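Per-entry structural report
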Amino acid sequence: METIIRRIFVACFIAIMCVSSIEAQVIDLSEKQINDDQTIGKEEEEKRETHLNDILPEVVLYTSNGTIGINSPHVTFESVIYYIMDENGIIIATDEIDLPKNVEQTIDISLQPAGVYRILLEICGECFIGEFIKND
């Protein structure tokens, strides 16, 4: 059921992006388990029983200017570490960022050559990986 809802959400987001004049590619994040902790944190667990999969940030490759946008429309995440790797697994960019709710963080990869890349987001001890193709 979650997969169907996520696919519908992604399809709607892609349709919206196609209508706008900005060329963009949504990067689908798939979860790779690091540990068994499925909640945001001990304090947040008391507030709600939400899984990270339900509130993942949106990651978009803006093909028109060679940037990646990361936005968290649901909650604020503190101390998110991102890694961008080329097709050989070499890390070309990494940083620790905060993702305030509804504030897009931008990563410039415009100087990187065309190719296949992966973005890994480490959030609350769990890693989420997405793959994208950058064209020049």
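It should be emphasised that the depicted structure is a prediction, and the values quoted were computed from it without experimental measurement.

Definitions and cut-offs
Residue numbering note: each chain is counted from 1, following its sequence as written. Note on the predicted model: pLDDT of at least 70 is required for a residue's local features to be given, and 80 or more for side-chain atom pairs to be given and counted; whole-chain, interface and lining totals, by contrast, use all residues. By convention in this description, side-chain values take in all heavy atoms of the structure and omit both hydrogens and water. Under the DSSP-based scheme used, a helix requires at least four consecutive residues in state H or I and a strand at least two consecutive residues in state E, with every element numbered from the N terminus. Contacts: residue pairs with any heavy atoms within 4.5 Å of one another. Think of it in three bands: residues with accessible area under 20% of the maximum for their type are buried, residues over 50% are exposed, and the middle band is partly exposed, with areas taken using a 1.4 Å probe on protein chains only. Here a strand pair is declared whenever DSSP counts at least two bridges between the two strands.

Locating Val-80 in the fold gives a position in strand β5 (residues 77–86). Sequence separation of Val-80 and Cys-124 is 44 residues, and the distance between their C-alpha atoms is 7.7 Å. What Val-80 contacts, discounting residues up to four positions off in sequence, is Asp-95, Glu-96, Ile-97, Leu-99, Leu-121, Glu-122 and Ile-123.

Attention now moves to the pairing of strand β4 (residues 67–71). Of all the 5 residues making up β4, 5 are buried; the element is thus mostly covered by neighbouring parts of the structure. Residue alternation in β4 divides its side chains into two sets, Thr-67, Gly-69 and Asn-71 and Ile-68 and Ile-70, and both sets are buried. Direction of pairing for strand β3 (residues 58–62) relative to β4: antiparallel, over a ladder of 5 bridges. The residue of β4 that forms the bridge with Val-59 is Ile-70.

Below, the discussion takes up the environment of Ile-27. For Ile-27, the position within the fold is in strand β1 (residues 24–27). A residue is classified by how much of its surface remains accessible, and Ile-27, at 3% relative accessible area, is buried. Along the primary structure Ile-27 and Ile-129 are separated by 102 residues, whereas in three dimensions their C-alpha atoms are 9.1 Å apart. Beyond its immediate chain neighbours, meaning those up to four positions away, Ile-27 contacts Val-59, Val-60, Leu-61, Ile-119, Gly-130, Glu-131 and Phe-132.

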